[in-house]
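Residue-level listing of the chains:
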Amino acid sequence: MLRITDARTGETVDAVRARRGLTRVEAHVERDDLSALRVLLVADVLARALELGGTPVATVADPPAALRARADALGIRRAEGERGGAGPALHVLASASGAPEGPAPGRSASEEAAPMDATTMGATSMGSTSMGENSTDPTSTDPTSTDPTSTDTAPAGQGPVIPAPSDADLDGVRIEVAPVSGTADPSLLRMILLAAPRRQSLDLAAADLDGARETLGRWREAVAGWATRPSKPVPEHVRQELRAAWEDDLDVPAVLEVLRRVEHAEDVPDGARFETYAYADRLLGLELTRDIGTQW
């Protein structure tokens, strides 16, 4: 059963009361920027996690058109439900203070409050991939980029703004998401956002885009190769590790860490590696299987 931190109380609660009952995941976005995009991404991953657990989900969001275009580019599924519809609701929205809700498990309050930089991302989720400061990708530092998913250049106060809902407006669990700043290659943005704890501020200017690109490319190439090997089921202990990670407050960085271990595990056959990555990608949405059949 997925458990999630309710920002109203700071307590971890069951995400749903009845596993088979319809649940609404409502994303609340105030403007067209990367922080709002992160809210939509967290809502998307939350809905995927619930569906993997057998819970039917209706996603709800009404982003501005420009933000919707960014979300489409990131593979964020479009909303299909209505606010105030049937079923209990999980509300995903930007942190009111722009700060994390509280320390993540195993981290001190001072560590959690610091912006997520590239080195921290590499240590927690990328494994052997270094996420240092020496990115050579021009989109990582160019503040004038016009790509809809790569930057936030509008001055504060400009662009469409939707008032944030008050606690009185929300009829269910409140899930807060910390802000994002900086720029990033749109083809890598989903990977970079998933690698950072959602309650921790993220500075994309510090991200090593080359490192993220290498990891994502390596995984896609490996999955394409493993797909040619005899099929084997996901090892039960690996399945349990993956589910334990995302059911523990939607800990996506921990899911990525499981994949890093499986990549080099000597006791996991290639066919089982393939099934493991394909299974995890139902949550991650990183298109890890997209290169199957392209190597020949």
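The structure presented is a predicted model; accordingly, all values stated were derived computationally and were not measured.

## Notes on empty space enclosed by the protein
So, step 1. Counting across every chain of the model gives 2 cavities of 30 Å³ or more.
So, step 2. Taken together, 13 residues make up the lining of the largest cavity; nearest its centre are L40, A43, T59, I76 and R77.
So, step 3. Mapped onto the lining of the largest cavity, the elements with two or more residues apiece are strand 3 (23-28), helix 1 (34-52) and strand 4 (57-60).
So, step 4. Per element, the largest residue contribution to the lining of the largest cavity is 3 residues, and it comes from helix 1.
So, step 5. Residue composition of the lining of the largest cavity, grouped by class: 8 nonpolar, 1 polar and 4 charged.

## Structural notes on helix 5 (residues 186-194)
So, step 1. Within helix 5, 7 of the 9 residues are buried, which leaves the element mostly enclosed by the surrounding structure.
So, step 2. Along helix 5, the residues classified as buried are L188, L189, R190, M191, I192, L193 and L194.

## A look at the packing of aromatic side chains
By convention here, two paired aromatic rings are described through the distance between centres and the angle between planes.
So, step 1. Scanning the model with the defined rule gives 3 aromatic pairs in all.
So, step 2. Plain terms: the ring middles of W226 and Y277 are 5.1 Å apart, the flat faces sit at 65° to each other, and that makes the pair edge-to-face. Of this pair, W226 sits in helix 6 (residues 209-226) while Y277 sits in helix 9 (residues 270-284), and the two are 51 residues apart along the sequence. Each member of the pair, W226 together with Y277, is buried.
So, step 3. Centroid distance W246 to Y279: 5.7 Å. Interplanar angle 50°. Geometry classified as tilted.

## Comments concerning the packing of helix 1 against helix 9
So, step 1. The contact between helix 1 and helix 9 brings their axes to 7 Å, and the two run at 130°. One element, helix 1, and the other, helix 9, form an angle in the oblique class. Facing helix 1, whose interface residues are V45, R48, A49 and L52, helix 9 presents Y279, D281, R282 and L283.
So, step 2. In the contact of helix 1 with helix 9, the residues fall into 5 nonpolar, no polar and 3 charged.

## Overview of the nonpolar core
So, step 1. V25, L46, L50, V92, I192, L242 and L284 are the most contacted members of the largest nonpolar core, which has 74 residues in total.
So, step 2. With 14 residues, the single largest contributor to this core is helix 1.
So, step 3. With residues up to four places along the chain from it excluded, the contact list for L50 reads L2, A15, V16, T23, V25, T55, V57 and L90.

## Brief notes about helix 2 (residues 65-73)
So, step 1. Listing the buried residues of helix 2 in full gives L67, R68, R70 and A71. Taken end-on, helix 2 shows its buried residues confined to a sector of 160°, consistent with a single buried face. Seen from the buried face of helix 2, the exposed residues on the opposite side, beyond 90 degrees, are A65 and A73.
So, step 2. Considering only its buried residues, helix 2 is in contact with helix 1.
So, step 3. Two residues or fewer past helix 2, G75 is found with a positive phi of approximately 75°.

## Remarks on the sheet that holds strand 3
So, step 1. Pairing in this open sheet of 4 strands is parallel, and the strands run 4-3-5-6 from one edge to the other. Looking at the sheet topology across the chains shown, the edges are occupied by strand 4 and strand 6 (173-177). Adjacent strand axes in the sheet meet at a mean angle of 20°, parallel and antiparallel pairs treated alike.
So, step 2. Note: strand 5 (residues 89-94) against strand 6, 5 bridges, orientation parallel. Bridging from a neighbouring strand, L93 pairs with E176 of strand 6.
So, step 3. In the packing of helix 1 onto the sheet, contacts are made with strand 3, strand 4, strand 5 and strand 6, and the angle to strand 3 comes to roughly 170°.

## Some details on the pairing of strand 4
So, step 1. Judged by which residues are buried, strand 4 turns out to be covered on both faces: V57 and T59 on one side and A58 and V60 on the other are all buried.
So, step 2. With 4 bridges joining them, strand 3 and strand 4 adopt parallel strand pairing. What sits directly across from V25, in strand 4, is T59.
So, step 3. For the segment spanning strand 3, helix 1 and strand 4, crossover handedness is right-handed.

## Concerning the pairing of strand 2 (residues 11-14)
So, step 1. As paired elements, strand 1 (residues 3-6) and strand 2 share 4 bridges and run antiparallel to each other. Opposite D6, over in strand 2, you have E11 as the bridge partner.
So, step 2. Between strand 1 and strand 2, which pair antiparallel and follow one another directly, the connecting turn spans 4 residues, one of which, G10, has a positive phi of 80°.

The rules behind the values
Residues numbered from 1 in each chain as written. Predicted model: local features only at pLDDT ≥ 70, side-chain atom pairs only at ≥ 80, totals over all residues. Heavy atoms only, no water. 1 Å grid on protein atoms, 1.4 Å probe; cavity = no way out; pocket = protein on both sides within 12 Å on 5 of 7 lines; lining within 4 Å. Points joined across faces, edges and corners; volume = space filled by probe spheres on them. Helix = DSSP H or I, 4+ residues; strand = E, 2+ residues; numbered from the N terminus. Nonpolar A, V, L, I, M, F, W, Y, C, P; charged D, E, K, R; others polar. Buried < 20%, exposed > 50% of the residue type's maximum accessible area, 1.4 Å probe, protein only. Phe/Tyr/Trp six-rings, centres within 6.5 Å; stacked < 30°, edge-to-face > 60°. Axes fitted to C-alpha atoms, helices over the stretch in contact; angles between N-to-C directions. Parallel < 35°, antiparallel > 145°, perpendicular 65-115°, else oblique. Contact = heavy atoms within 4.5 Å. Core = buried A, V, L, I, M, F, W, Y, C linked by side-chain atoms within 4.5 Å. Arc of directions from axis to C-beta. Pairing = 2+ DSSP bridges. Right-handed = clockwise from strand over helix to strand, strands pointing away.

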